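The lines below spell out each chain.
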Amino acid sequence: MQPILIFNLMLGGPDPLDYVSMYRNLGNPALNVPEHWHYVSFGLSDLYGDNRVHEFTGTDGPSGFGFELTFRLKRETGESAPPTWPAELMQGLARYVFQSENTFCSGDHVSWHSPLDNSESRIQHMLLTEDPQMQPVQTPFGVVNFLQIVGVCTEELHAAQQWNGQGILELLRTVPVAGGLWLITDMRRGETIFEIDPHLQQERVDKGIETDGSNLSGVSAKCAWDDLSRPPEDDEDSRSICIGTQPRRLSGKDTEQIRETLRRGLEINSKPVLPPINAQRQNGLNYDRAPSRKDSLESESSAAIIPHELIRTRQLESVHLKFNQESGALIPLCLRGRLLHGRHFTYKSITGDTAITFVSTGVEGAFATEEHPYAAHGPWLQILLTEEFVERMLEDLEDLTSPEEFKLPKEYSWPEKKLKVSILPDAVFDNPLH
């Protein structure tokens, strides 16, 4: 039976979406798909073809941004009209796309840090996937795909970040109360898929990270680093980033390269509605869409970044890395899910220009090398770790996976490698003079 159009919510004005259509979908009892409300946005694609909102690039290319958003919300018993809050949710996502010019793809995740309907629900974040019923459409103004919003719990979002979004979406499809085949969001769902089936975390997610690696390649974090190679009185070249001192600023080219590395996802230590939006299109962290065994630090949209001629790259003999507890807890994921799979991982400070990038020997475009594994370009530090050293670090850092079991500050040291890692209280980063 065809969905029944209830009404179109006209939006327009200063908001990016023209309207949102709301349908009563009777589901599919044979597939255990319940009755639900189906929302479809209009405005991310080109509706007019007159270059007022979107540049018309031809019928074979994407229409506008190339997609519209959809959402499926479980219909509550006795509900005669669809709630309108999903339209505002879509409007917020559309606003981000228009302002940042970043598009969404299937498998992407959005951290919202608040119940999607402003209730007390555990559904506080989103994954994106292809709509199960709406196929791509060829229009006079280009091709339109339909990306469905799927509401998820915080634990499911974290699993998607640490593994990948597509893997978690597949798990949600296997649990009817968590979405089922059509990934219908139930705002009253009180349990995560890992609480419903405790075996999913270890047997699917953990094994998936071990086999496939992690798509999470960077986070905004509370972090800092010290150059221990030279005495602190050498202001010109030593201790380029140090808590309590004014860091050098990144060059424009370095900043753009790190922004490309960190261009998608969620911020760890703050709670924005979406990743930060500004004219320079900076986001909070990176989420790989097409991971490759042969990774690269080059921008996806340009050739290799040439170091800024006024800031020379320095090889360091000894470094001290500093993280707060939340950021430090991601180090094992960085090592196991990224470096052991030939990839890189970047921590970008939320309080300044400091950046720390871990790279494996298979990463191209890095200025850290096996001969000089610690290298800095202004406040951007790169650390190259061999597979053998990564395995050793994972053993030594095992207690980071259970942070409640140790007290801060906590220090790890590998003297022969001239590397030290400290896990410090938030106050150290919130108050540099603390």
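Here the structure is a predicted model, which means the values were calculated and not measured.

(A) Representation of the sheet that holds strand E16 (residues 380-384) in the model. On the basis of which strands lie adjacent, the open sheet formed by 6 strands has the order E9-E13-E14-E16-E15-E11 and mixed pairing. The open sheet has two edge strands, strand E9 (218-221) and strand E11 (313-316), and neither has a second partner. In this sheet, adjacent strand axes meet at a mean angle of 20° when their direction is disregarded. As defined by bridge partners, strand E14 (residues 355-359) adjoins E16 across 5 bridges and the pair is classed as parallel. Of the residues in E16, the one forming a bridge with Phe358 is Ile383.

(B) Geometry of the packing of helix H2 (residues 154-162) against helix H3 (residues 165-173). At their nearest, the axes of H2 and H3 sit 7 Å apart, and the two run at 135° to each other. When the interaxial angle is binned, H2 and H3 end up oblique. Together, Glu156, Ala159 and Ala160 of H2 and Gly165, Ile168 and Leu172 of H3 make up the contact between the two elements. By residue class, the composition of the contact of H2 with H3 is 4 nonpolar, 1 polar and 1 charged.

(C) Local environment of the side chain of Gln382. Position of Gln382 relative to the elements: it lies in strand E16. Reaching out from Gln382, the side chain makes a polar contact with the backbone nitrogen of Ala368 at a distance of 3.3 Å.

(D) Region of the structure containing unusual backbone geometry. Cis rather than trans, the peptide bond between Leu408 and Pro409 has omega equal to -5°. Of note, Asn32 is a non-glycine position whose phi angle comes to about 60°, a positive value. Mapping Asn32 onto the fold places it in the loop between strand E2 (19-25) and strand E3 (36-42). Phi is positive for Asn51, close to 65°, though the residue is something other than glycine. Looking at where Asn51 falls in the secondary structure, it is placed in the loop between E3 and strand E4 (62-74).

(E) Local environment of the packing of helix H8 (residues 331-338) against helix H9 (residues 387-396). Where H8 contacts H9, the axes come no closer than 10 Å and their chain directions differ by 145°. The handedness of the crossing between H8 and H9 comes out as left-handed. Taken together, the residues of H9 that come into contact with H8 (itself represented by Pro332, Leu335 and Arg336) are Val390, Met393 and Leu394. Looking at the contact of H8 with H9, its residues break down into 5 nonpolar, no polar and 1 charged.

Calculation notes
Residues numbered from 1 in each chain as written. Predicted model: local features only at pLDDT ≥ 70, side-chain atom pairs only at ≥ 80, totals over all residues. Heavy atoms only, no water. Pairing = 2+ DSSP bridges. Helix = DSSP H or I, 4+ residues; strand = E, 2+ residues; numbered from the N terminus. Axes fitted to C-alpha atoms, helices over the stretch in contact; angles between N-to-C directions. Parallel < 35°, antiparallel > 145°, perpendicular 65-115°, else oblique. Contact = heavy atoms within 4.5 Å. Nonpolar A, V, L, I, M, F, W, Y, C, P; charged D, E, K, R; others polar. Polar contact = N/O pair within 3.5 Å; in protein donor to acceptor, adjacent residues only side chain to side chain. Left-handed = near helix turned anticlockwise from the far one by under 90°.

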